[in-house]
Amino acid sequence: KQTSAYEIMPSLGGLEMCIRDRSSNGGEIMTTASVKTNPELLAHLLRRAGFGATPREMDLYSQMEYDDIVDSLMDFSEEDVIPDDMINRFHKDQSDFRSANGAGANWVYRMVMTKTPLREKMCLFWHRVFATASTKLITSRPIINQIAMFRKHGVGTFDNLLLELSKDPAMIMWLDNQDNHGSNINENFGREILELFAMGVGNYTEDDIKETARAFTGWRVVNPEYMSIKMRNNTVRPYGYISWQYEYDEDDHDHGEKTILGETGNWNGEDAVRIICSNKATAEYLARHLYHFFVADELPVPQWPHEEPRDPQAIKVMTDAYFANGHSIEAMLEAIFKSDFFKEESAMYARIKSPAEMVVGAMRLAGPIKIPSQEIYYAQGVCSNMGQGLLRPPSVEGWQGGDEWINTGTYVERINFATRILNDPNKQGIKDILGRIRNVDSNSHVTADDLVNRCLDVLGPISVSIGTEAGLKTYASKFGDLSWDTESKLSEFEDAALAVIRLIVCTQEYQTV
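Counting restarts for each chain, with residues numbered from 1 along the sequence as it is written. Totals for whole chains, interfaces and linings use every residue, but because this is a predicted model, local features are given only for residues with pLDDT of at least 70 and side-chain atom pairs only at 80 or more, for both listing and counting. Hydrogens and water molecules were not included; the side-chain quantities draw on all heavy atoms of the structure.

**A short note on empty space enclosed by the protein**
Here is step 1 of the chain: Here a cavity denotes a set of grid points, spaced 1 Å apart and computed over the protein atoms alone, in which a 1.4 Å probe fits but from which it cannot get out, and a pocket denotes an open set meeting protein on both sides within 12 Å along at least five of seven lines; residues with an atom within 4 Å of a point are reported as lining. Grid points are joined across faces, edges and corners, and a volume is the space filled by probe spheres set on the points. Per the stated rule, a full pass over the model turns up three cavities of 30 Å³ or more.
Here is step 2 of the chain: Taken as a whole, the largest cavity encloses approximately 260 Å³ of empty space.
Here is step 3 of the chain: Considering the residues around the largest cavity, the lining is formed by 24 residues, among which R47, F51, G52, K353 and Y510 are closest to the centre.
Here is step 4 of the chain: The secondary structure listing takes helices from DSSP runs of H or I that are at least 4 residues long and strands from runs of E that are at least 2 residues long, numbered from the N terminus. Secondary structure elements with two or more residues in the lining of the largest cavity: α1 (39-48) and α20 (355-366).

**Some words on helix α3 (residues 66-73)**
Here is step 1 of the chain: Burial in α3 covers these residues: Y66, I69, V70 and L73. The buried residues of α3 all sit within an arc of 100 degrees when viewed along its axis, so they share a single face.
Here is step 2 of the chain: Here, residues are in contact when the closest pair of their heavy atoms is within 4.5 Å. Its buried side turned inward, α3 meets α1, α2 (55-62), α7 (117-129), α18 (329-337) and α19 (340-343). Note on classification: 1.4 Å probe, protein chains only; a residue is buried when its accessible area is under 20% of the maximum for its type, exposed when over 50%, partly exposed between these limits. As used here, the arc is the angular range of directions from the helix axis to the C-beta atoms.

**Digging into the nonpolar core**
Here is step 1 of the chain: The biggest cluster of nonpolar side chains holds 149 residues, and the ones touching the most others in it are W126, F130, F158 and F337.
Here is step 2 of the chain: For W126, the contacting residues outside a window of four places in its chain are A131, F150, G154, F158, L161, L286 and I329. By convention a nonpolar core is built from buried Ala, Val, Leu, Ile, Met, Phe, Trp, Tyr and Cys residues, the set being connected through side-chain atoms within 4.5 Å.

**Some thoughts on the packing of α20 against helix α22 (residues 408-421)**
Here is step 1 of the chain: Two numbers describe how α20 lies on α22: the axes approach to 9 Å, and their chain directions differ by 15 degrees. The orientation of α20 relative to α22 falls into the category roughly parallel. In this structure, α20 crosses over α22, and the sense of that crossing is right-handed. Counting all contacts with α20, which are made through P355, M358, V359, A362, M363 and A366, the residues of α22 involved are R414, F417, A418 and I421. Lines are fitted to the C-alpha atoms to define the axes, a helix being fitted only along its stretch in contact, and any angle between axes, read from their N-to-C directions, falls within 0 to 180 degrees. When describing relative orientation, an angle under 35 degrees is termed roughly parallel and one over 145 degrees roughly antiparallel, while 65 to 115 degrees is termed roughly perpendicular and anything else oblique. Handedness of each helix crossing follows the sense of rotation of the near helix against the far helix: counterclockwise by less than a right angle gives left-handed, clockwise gives right-handed.

**Regarding the packing of aromatic side chains**
Here is step 1 of the chain: Only rings of Phe, Tyr and Trp enter the pairing, Trp through its six-membered ring, and a pair is recorded when the two centres are within 6.5 Å. The plane angle decides the type: under 30 degrees is stacked, over 60 is edge-to-face, the rest tilted. Considering all chains together, one arrives at 19 aromatic pairs under this definition.
Here is step 2 of the chain: Aromatic pair W126 and F158: ring centres 6.1 Å apart, planes at 20 degrees, arrangement stacked. With a gap of 32 residues between them, W126 in helix α7 and F158 in helix α10 (residues 158-167) connect regions that are remote in the sequence. Here W126 and F158 have matching classes, each one buried.
Here is step 3 of the chain: Plain terms: the ring middles of W484 and F493 are 4.8 Å apart, the flat faces sit at 55 degrees to each other, and that makes the pair tilted. Here the two residues W484 and F493 agree in accessibility, since each one is buried.
Here is step 4 of the chain: Ring pairing ties together the aromatic residues F125, W126, F130, F150, F158, F197, F293, F294, F337 and F342, which thus form one cluster.
Here is step 5 of the chain: Sitting above the plane of the Y349 ring, R47 keeps its charged end 4.3 Å from the centroid.
Here is step 6 of the chain: Note on geometry: a ring has a charge over it if NZ (lysine) or CZ (arginine) is within 6 Å of the ring centre and within 35 degrees of the ring normal. Directly above the aromatic system of W267 lies the positively charged group of R274, at a separation of 5.2 Å from the ring centroid.

**Description of the packing of helix α21 (residues 375-385) against α22**
Here is step 1 of the chain: Across the interface, α21 lies against α22 with an axial gap of 10 Å and an inter-helix angle of 160 degrees. Taken together, the axis directions place α21 and α22 in an arrangement best described as roughly antiparallel. As α21 runs across α22, the sense of the crossing is left-handed. In contact with E375, Y378, A379, V382 and N385 of α21, α22 contributes T410, E413, N416, F417, R420 and I421.
Here is step 2 of the chain: Each residue receives one of three labels: charged for Asp, Glu, Lys and Arg, nonpolar for Ala, Val, Leu, Ile, Met, Phe, Trp, Tyr, Cys and Pro, and polar for the others, Gly being one of them. Classifying every residue of the contact of α21 with α22 by side-chain character gives five nonpolar, three polar and three charged.

Structure below.
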């Protein structure tokens, strides 16, 4: 791959960024500005630990050391401020969460507007691993509550997260644990917590499934018979549909002795979680999921029992961090982002963007969302058309990702969405991008080739193949040399720059993260 206009060069004082002005006649004007983190590496980190970098974020983080940037991204102490009053006034369906469209649009808004992208990225990660769909639950409020639970507990210990998941009303109803009784077990949740959520096929037995299900007997929602009837009563109540609440029914629990993964005792659900989370297979399974989501596309999950991980050493690094830090998910994330395997060139652009990453990344580039907004409805609908209906995963297995995200139909959806969102010069983010393209130097003109270079730099920087770069420059050549010293020429420049941007977001490189 050919690098963008930024070329990183070592120096005695640390790292300097050499900016090549390839617009001059065969020559280069070179200036240096001290930076502390390689722009390509920084852009890579912000794509993975968030939804891509805006130019302002690149400015902010480029003056920080790499490890300090990671620490900043992992600071979850500040809560996002969401204008619920404005949302309730203009978008009622984003307040009562009866429909998947309104609930999905609300989550898109949060992902675009968050000041802590990694927190929302982890919500997306857990929604993929602990796939729960509103299609069975009739209403989306329980799923939105589950996402809020991920927001609160998603980077703590895996033990605590798995315990919260086991008490989550959406999960209880999704996997029928309300029908799991001491006198007559339902194995559904007991099976999935071992097979899909924590350990993976091949690391437990059928007896472990039954014994785990026994441990979770009595974990149910309040008054399940009455609540199930009310949930199916298509009546709009003052605050939307009823939202379930968790309760533990001591009388419905199996108090007999159980053997789970070789450990015997009068176990309850808390004990089952403790036993599961202490198992090495759990740490390795979780590590492989994190690698698949944050580092590089893995094989589909059903193939994992039969195929070795793409990078066994990376799995070991994360597994060691898991056990060394009390099963901390945050410690595993830190181990990923600060590792050599994450920083390697081979890890860059090694994942296909999920629909949500594609949609949210483009919207964050375009600028903040103003309420009321129809674009967030369009965005959540496009996610579904691309194959990732938010709050509506296809099954308990979730989305496999990787090559499954791309086909001729979904690629067209991606292109249409990105070109529409990044086509309005009046949007705050687009204004900033166009201004930066103009203000690379003091000149008031730019060649077609240099316009492509500047667009690639400001949008990323994005590395593209030699062939892609040649195609972009061939397309841009029809605009000729551009300037902006008059109002009419400025308009022509903006039209040309937006046309090049629209073509860049159509490239295969832009579809990777």
